[in-house]
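Here is what each chain is made of, one letter per residue.
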Amino acid sequence: MSVSRVLHLIAARLPAGAGGDPRLGTAIDLGGALARAPGVRAALLGSSERHIVSACWLDERAALEPFAASAPHMSFVVRGLAPLVSGMWSASVETEAPPPAADDTVAMWAMAVPESAGTFEWEVRALLEAVAALPGVAFSGPTVEERDRFRAGAVILLRAGEAERFDAALRDARRAWPAFASGIEQALVRVVVPPGAA
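Please read these numbers as outputs of a predicted model, since none were measured by experiment. (Residues numbered from 1 in each chain as written. Predicted model: local features only at pLDDT ≥ 70, side-chain atom pairs only at ≥ 80, totals over all residues. Heavy atoms only, no water.)

1. Looking at the environment of Arg174
(1) Moving on: On the secondary structure map, Arg174 appears in helix H5 (residues 160-174).
(2) Moving on: Note on Arg174: relative accessible area 27%, which makes it partly exposed.
(3) Moving on: Along the backbone, Arg174 and Val131 are 43 residues apart, and their C-alpha atoms lie at a distance of 9.4 Å.
(4) Moving on: Not counting residues within four places of it along the chain, the set of residues in contact with Arg174 comprises Ala181, Ser182, Ile184 and Gln186. (Helix = DSSP H or I, 4+ residues; strand = E, 2+ residues; numbered from the N terminus. Buried < 20%, exposed > 50% of the residue type's maximum accessible area, 1.4 Å probe, protein only. Contact = heavy atoms within 4.5 Å.)

Here it is in structure tokens:
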């Protein structure tokens, strides 16, 4: 019998010049503390010139509410991200893959498929299968809440060799993706806090 787990993603957009802002260090420090939030089995944080991304693996749906209300999560969003970022998106994704344990992840790509009229469930599943075929270790699935603004989401963890090939593989893959995939949210970041167990 398969076990459903929840992957909670937050991707925040950084304004131009944020790399020199001392608040970026505060946001990264607070994001690193998410590994100690209740229910978290693994947590990963990454940043680039344009994004900060956190990925937290929880055991089940019931863990989402305590996690969201926890001090580490609230501090990251309210004290870390809100004063710094120009926007953000989040998604809670149901996945059967166990949380990551390897510490050789150097980058990660996060994505979410927005709700759009006329898009069928099989089309979303086909897109997730195409995403899973990209270089790296993929965690993907539908979102937990039916009323979520996203239908599905994924994160791909990349080791050094995979990170070098990922951009080209993604560009090639996107040529075959359906038209609705042009609206996905995505962020590619360098890992600054590796996977950690709570």
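Next comes the rest of the account.
2. Topic: helix H4 (residues 121-132)
Helical geometry note: an α-helix holds 3.6 residues per turn, so side chains three or four residues apart project in the same direction.
(1) Moving on: The end-to-end C-alpha distance of H4, which contains 12 residues, comes to 17 Å, matching closely the 16 Å that a straight helix rising 1.5 Å per residue would cover.
(2) Moving on: Taken residue by residue, H4 has Glu123, Val124, Leu127, Leu128 and Val131 as its buried positions. Seen from one end, H4 has its buried residues packed into an arc of 140 degrees, which puts them on one side. Exposed side chains of H4 directed beyond 90 degrees from the buried face belong to Trp122 and Glu129.
(3) Moving on: Taken together, the buried residues of H4 touch strand S5 (107-114), strand S6 (137-142) and strand S7 (150-158). (Expected span 1.5 Å × (residues − 1). Arc of directions from axis to C-beta.)

3. Observations concerning the pairing of strand S1 (residues 5-13)
If a strand is regular, its side chains alternate between the two faces of the sheet.
(1) Moving on: Judged by how many residues are buried, S1 sits mostly within the fold: 8 of 9 residues are covered.
(2) Moving on: Note: S1 against strand S4 (residues 87-95), 9 bridges, orientation antiparallel. Bridging from a neighbouring strand, Ala11 pairs with Trp89 of S4.
(3) Moving on: Relative to strand S3 (residues 51-58), S1 runs antiparallel, the two sharing 8 bridges. Bridge pairing in S3 links Leu7 to Trp57. (Pairing = 2+ DSSP bridges.)

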